[in-house]
Amino acid sequence: MKAIVIHTAKDLRIEELETEKPGPGEVEIRLAAGGICGSDLHYYNHGGFGTVRLKEPMILGHEVSGHVAALGEGVSDLAIGDLVAVSPSRPCGACDYCLKGLPNHCFHMRFYGSAMPFPHIQGAFRERLVAKASQCVKAEGLSAGEAAMAEPLSVTLHATRRAGEMLGERVLVTGCGPIGTLSILAARRAGAAEIVAAGCGPIGTLSILAARRAGAAEIVAADLSERALGFARAVGADRTVNLSEDRDGLVPFSENKGTFDVLYECSGAQPALVAGIQALRPRGVIVQLGLGGDMALPMMAITAKELDLRGSFRFHEEFATAVKLMQGGLIDVKPLITHTLPLGEALKAFEIASDKGQSMKTQIAFA
């Protein structure tokens, strides 16, 4: 089988590897689609990020979907041919954090395509992938490209849970790449993924509407790119602020101690975080998703406003919810998929994905 392997920065190769066979509780997946993530681009362009560096060749990729090709012993809830979204989250299930219900902080996490440990955790950009059946969520009704978007959508659903109550909130999103735009969708749709009704008078039917749309009342998106802001508007931002044209564009929101209840900081850039903090009301919530390296914080403002600063890292149980929200038509990720290239053009796909002037989400078609 062919796989996409990174050796060092800018040294990306399509290599032939042996195909594995599924063991008990596992399935073999014929990969269909894989999305190029920001971490993949860090490995491709820089050989890593922060202190995380490539020390050996590594298969990239963790945003994938495919069709079940073979079943291991004991797998009964999947069938040959099923389209599945594959979660890259593989916690051990036995460490202290797993037992405390925090599997995204697993001591022994094996997250596809990660150079954090050594030996590295090999990724999912390969024609045939053996995964645990428990990682696979049936994605009937979705395209392969949509199913592959379950992973980044899960990141923003986890962040939305970290933010807390969202009903009627005023939200600011800084950084409108894939995670920022998906955060807009998640904040707006922070309600039930599935509703079964029993008792449907006026109160019952209105309760259905409330449960389904229990999200933000107003969302403002800020970025340096007008193109990115166009995507933000397309997925539901009520207002956008182009900080390259007006560097003080968020200042009006800072009046009277601030406007917003929640900040999704998705850029990883210190100026965006500082501007967002100034625009938050007292006791507002900062959810930091962007991973751009360490940043200096305006601690006096955080303290004086009694702000909550909450990190958000990966996800786990939100993955199945992401698939269900897309299947129910509650979240539409299709406008964000701007490019799809065949496996043989993987290098070109990475170059396009690296150019934010033309790409929002670039995917590779494996079949």
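Structure's up top.
Residues numbered from 1 in each chain as written. Predicted model: local features only at pLDDT ≥ 70, side-chain atom pairs only at ≥ 80, totals over all residues. Heavy atoms only, no water.

(A) Up close: the overall build of the protein. When its secondary structure is counted, the protein shows 11 helices and 18 strands. The C-alpha atoms of the protein give 21 Å as radius of gyration, which agrees with the globular expectation for 367 residues (21 Å, within 12%). Its C-alpha atoms give the protein principal-axis dimensions of about 65 × 55 × 40 Å. Residues classed as buried in the protein amount to 51% of the 367 residues present. A separation threshold of at least 6 residues defines the contact pool for the protein, and within that pool the share at least 24 residues apart is 69%. Element-wise, carbon and sulfur atoms account for 54% of the exposed surface of the protein, whose accessible area totals about 16300 Å². With 36 positive and 40 negative side-chain charges, the protein shows a separation of 2 Å between the mean positions of the two kinds. (Helix = DSSP H or I, 4+ residues; strand = E, 2+ residues; numbered from the N terminus. Rg over C-alpha atoms; globule rule 2.2 N^0.38 Å. Buried < 20%, exposed > 50% of the residue type's maximum accessible area, 1.4 Å probe, protein only. Contact = heavy atoms within 4.5 Å. Areas by Shrake-Rupley, 256 points an atom, 1.4 Å probe, with all protein chains shown as cover. Lys, Arg positive; Asp, Glu negative; His and termini not counted. Charge placed at Lys NZ, Arg CZ, Asp CG, Glu CD.)

(B) Spotlight on the pairing of strand β11 (residues 170–174). Burial analysis of β11 places four of its five residues in the buried class, which makes it a mostly covered element. One ladder, built from five bridges, connects β11 with strand β12 (residues 218–223); its direction is parallel. Bridge pairing links V173 to A221 in β12. Sheet topology note: the β11/strand β14 (residues 260–265) ladder contains four bridges and is parallel. Bridging from a neighbouring strand, V171 pairs with V262 of β14. (Pairing = 2+ DSSP bridges.)

(C) Summary view of the sheet that holds strand β6 (residues 58–59). Within the open sheet, the three strands sit side by side as β2-β1-β6. Their pairing is antiparallel. Only two strands of the sheet have a single partner each, and these edge strands are β2 (11–16) and β6. Where strand β1 (residues 2–8) meets β6, two bridges bridge the pair, whose relative direction is antiparallel. Counted as the bridge partner of I6 is M58 from β6. The sheet contacts of helix α11 (residues 346–354) involve β1 and β2, and relative to β2 the element is tilted by about 145 degrees. (Axes fitted to C-alpha atoms, helices over the stretch in contact; angles between N-to-C directions.)

(D) Up close: the packing of aromatic side chains. Tallied over the full model, the rule gives seven aromatic pairs. On the basis of an interplanar angle of 55 degrees and a centroid distance of 5.4 Å, the ring pair of Y44 and F350 is categorised as tilted. Of this pair, Y44 sits in helix α1 (residues 38–46) while F350 is found in helix α11, placing the two residues 306 residues apart along the sequence. Grouping residues by exposure puts Y44 and F350 together as buried. Taking NZ or CZ as reference, K100 lies 5.5 Å from the ring centre of Y97, over its face. Here the basic side chain of R314 rests over the ring of F111, its NZ or CZ set 4.2 Å away from the ring centre. (Phe/Tyr/Trp six-rings, centres within 6.5 Å; stacked < 30°, edge-to-face > 60°. Lys NZ or Arg CZ within 6 Å of the ring centre and 35° of its normal.)

(E) Spotlight on a nonpolar patch on the surface. A contiguous nonpolar surface patch, about 280 Å² in accessible area, is contributed by Y97, L102 and F107. By the secondary structure assignment, F107 is in the loop between α2 (96–99) and β9 (128–132). Given the relative accessible area of 52%, F107 is considered exposed. (Patch = residues over 30% accessible without salt bridge, like charges linked within 9 Å, V, L, I, M, F, W, Y side chains within 5 Å. Salt bridge = Lys/Arg side-chain N within 4 Å of Asp/Glu carboxyl O.)

(F) Representation of the environment of E26 within the structure. The residue E26 is located in strand β3 (residues 26–35) in this model. For E26, a relative accessible area of 25% puts it in the partly exposed group. For the pair E26 and K132, spaced 106 residues apart in sequence, the C-alpha to C-alpha distance is 4.2 Å. Filtering out sequence-adjacent residues up to four positions away, E26 remains in contact with K21, L71, G72, V75, V130, A131, K132 and A133.

(G) The arrangement of the environment of A237 in detail. When you line up the elements, A237 lands in the loop between α7 (226–234) and β13 (239–242). Taking the C-alpha atoms as reference, A237 lies 9.5 Å from L172; in sequence the two are 65 residues apart. The contacts of A237, once residues within four sequence positions are left out, are I184, I219, A221 and A232.

(H) Structural view of the packing of helix α4 (residues 150–163) against helix α5 (residues 178–188). Orientation of α4 relative to α5, taken along the N-to-C sense of each, is 55 degrees, at an axis distance of 9 Å. With respect to α5, the axis of α4 lies oblique. Remark: the crossing between α4 and α5 carries right-handed chirality. For the pair α4 and α5, contact is made by P152, L153, V155, T156, L157 and T160 and by I179, L182, S183, A186 and A187, respectively. When its residues are assigned to classes, the contact of α4 with α5 shows eight nonpolar, three polar and no charged. (Parallel < 35°, antiparallel > 145°, perpendicular 65-115°, else oblique. Left-handed = near helix turned anticlockwise from the far one by under 90°. Nonpolar A, V, L, I, M, F, W, Y, C, P; charged D, E, K, R; others polar.)

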